[in-house]
Amino acid sequence: MIVLREAKSEDAPQIAPLINLIFDEMQLEELEDVPEPDLEKVIAMAYRTRAYLSGIANTVVAEADGQVVGVAFGYPGENEDRVDEVLRRLSDKSAAFDQPFEAESETDGNEWYLDSIAVSPDYQGHGVGRQLLNVLPKVAAKNDEKVIGLNVDFDNPGAMKLYARNGYQVVGTRMIGDHAYYHMQRDVQEPALAQA
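The following paragraphs examine the structure supplied in this document. Remember, predicted model here, so these are calculated numbers, not experimental data.

1. Description of unusual backbone geometry
Backbone geometry follows two general trends: most residues other than glycine have a negative phi, and most peptide bonds adopt the trans configuration.
Reasoning step 1: Within the chain, Asp65 stands out as a residue other than glycine whose phi angle is a positive 50 degrees.
Reasoning step 2: Tracing the backbone shows Asp65 in the loop between β2 (58-64) and β3 (67-76).
Reasoning step 3: Phi at Asn110 is positive, roughly 55 degrees, even though this residue is not glycine.

Okay, here's the thing in structure tokens:
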């Protein structure tokens with residue numbers, strides 16, 4: 001059984017490898033030379049902060065058998081600079097980084113931005129991503145946001161279909177690193193189109 005809940009600081013070591021899956025897919029040049037254990041250590045430190053858990057951002061986890069098997073992380077668009085500053089500051093303190101990690105802007109604001117959603121490879125295809133997406137309108141509404149936005153890589157049609165089935169529509173495109181992304185949004189009040 002999958003349980004969805006707000007993340008706690010003690011979840012950070014299990015969240016870090018899931019978030020690192022996204023960094024791997026993004027192939028960010030500035031992270032190429034950072035050893036994976038060091039990157040995951042910095043990610044874990046970020047997910048221990050109040051800012052990432054329930055301050056300027058929100059983190060929701062999917063838990064199965066006492067293990068975190070999925071995570072969704074987002075924030076009101078106007079908080080993007082403050083969210084990015086957490087990772088920049090923590091990476092600046094790590095000897096593994098030649099320079100602090102400077103995240104590119106991913107949202108135009110005016111939305112609750114789903115920065116990251118990841119599911120453990122062992123649990124992919126079991127509806128965990130859909131369950132995480134279904135809880136996000138409540139999270140966005142608690143932040144007084146009317147729209148949820150996200151970016152999906154042009155090269156990830158499976159994720160694009162999942163988002164479309166959950167009511168997201170393409171509203172633009174953007175480059176992040178060397179990858180092209182569709183920017184998708186959905187209204188918080190709008191129900192998902194299908195649960196298939």
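2. Observations concerning the packing of helix α1 (residues 12-26) against helix α2 (residues 36-46)
Reasoning step 1: In contact at an axis separation of 8 Å, α1 and α2 are set at 120 degrees when each is read in the N-to-C sense. The angle between α1 and α2 falls in the class oblique. Read as a crossing pair, α1 and α2 show a hand that is right-handed. Contact with α1, carried on its side by Ala12, Pro13, Ala16, Pro17, Ile19, Asn20, Phe23 and Asp24, involves Glu36, Leu39, Glu40, Ile43 and Ala44 of α2 and no other residues of that element.

3. Overview of the packing of aromatic side chains
Reasoning step 1: For the structure on display, the rule yields eight aromatic pairs.
Reasoning step 2: Seen from their ring centres, Phe23 and Phe101 are 5.9 Å apart, and the 80 degrees between their planes marks the pair as edge-to-face. Taken together, the residues span a long stretch of sequence, with Phe23 in helix α1 and Phe101 in the loop between α4 (80-92) and β4 (112-119) at a distance of 78 residues. Accessibility classification places Phe23 together with Phe101 in one group, the buried group.
Reasoning step 3: Between Tyr47 and Phe73 the ring centres are 5.2 Å apart and the planes differ by 70 degrees, which places this aromatic pair in the edge-to-face class. One end of the pair, Tyr47, is in the loop between α2 and α3 (50-53); the other, Phe73, is in strand β3, with 26 residues separating them in the sequence. Residue Tyr47 shares its accessibility class with Phe73, and that shared class is buried.
Reasoning step 4: Taking the ring centre of Tyr168 as reference, the NZ or CZ of Arg186 above it sits at 6.0 Å.

About the criteria used
Residues numbered from 1 in each chain as written. Predicted model: local features only at pLDDT ≥ 70, side-chain atom pairs only at ≥ 80, totals over all residues. Heavy atoms only, no water. Helix = DSSP H or I, 4+ residues; strand = E, 2+ residues; numbered from the N terminus. Axes fitted to C-alpha atoms, helices over the stretch in contact; angles between N-to-C directions. Parallel < 35°, antiparallel > 145°, perpendicular 65-115°, else oblique. Left-handed = near helix turned anticlockwise from the far one by under 90°. Contact = heavy atoms within 4.5 Å. Phe/Tyr/Trp six-rings, centres within 6.5 Å; stacked < 30°, edge-to-face > 60°. Buried < 20%, exposed > 50% of the residue type's maximum accessible area, 1.4 Å probe, protein only. Lys NZ or Arg CZ within 6 Å of the ring centre and 35° of its normal.

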